[in-house]
Amino acid sequence: QVQLVESGGGLVQPGGSLRLSCAVSGSIFSGNIMGWHRQVPGKQRELVASSHSGGRTAYADSVKDRFTISRDNAKNTVYLQMNSLKPEDTAVYYCNFLQGVRNFWGQGTQVTVSS
């Protein structure tokens, strides 16, 4: 079993920044992918950014050059640095751990971008 606990969400003005953190605990092995997804009411959950334990990262086009995913493998923590935030970034952000058929989600953290 794997547990994920997100933190760092909140209210921010357009153009501002936030950093989300996701602490992972449990049966963690190499060869995993950790990612951040987001969801707004009435829409499907979408992938925002992902980070493979081998170093590869990927981003949704809508957040490229604004968001950065990073991970501290020693602390089993993944981060999402979000800069130049826009109102359309408002969503519940979920941390995800994927390793083969093992797929776990955090409880989600609300990010609201509004003036």
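A. Spatial organisation of the environment of S7. The topology assignment puts S7 in strand 1 (residues 2-7). Sequence spacing of S7 and T90 is 83 residues, and the spatial spacing of their C-alpha atoms is 15 Å. Apart from the residues lying within four places of it in its own chain, the contact partners of S7 are R19, L20 and S21.

B. Quick peek at the pattern of salt bridges. Per the stated rule, a full pass over the model turns up four salt bridges. A salt bridge links E46 to R38, with the nearest nitrogen and oxygen atoms 2.7 Å apart. Overall, the relative accessible area of 35% leaves E46 in the partly exposed class. The partner of R38 in a salt bridge is D89, and the shortest N-O contact between them spans 3.0 Å. Taken together, the positions of R38 in strand 4 (residues 33-39) and D89 in the loop between strand 8 (77-82) and strand 9 (91-99) put the pair 51 residues apart, joining distant regions of the chain.

C. Molecular detail of unusual backbone geometry. One non-glycine residue with positive phi stands out, namely N76, at about 50 degrees. For N76, the location among the structural elements is in the loop between strand 7 (67-72) and strand 8. The class of N76 is partly exposed, set by a relative accessible area of 33%.

Basis of the calculations
Residues numbered from 1 in each chain as written. Predicted model: local features only at pLDDT ≥ 70, side-chain atom pairs only at ≥ 80, totals over all residues. Heavy atoms only, no water. Helix = DSSP H or I, 4+ residues; strand = E, 2+ residues; numbered from the N terminus. Contact = heavy atoms within 4.5 Å. Salt bridge = Lys/Arg side-chain N within 4 Å of Asp/Glu carboxyl O. Buried < 20%, exposed > 50% of the residue type's maximum accessible area, 1.4 Å probe, protein only.

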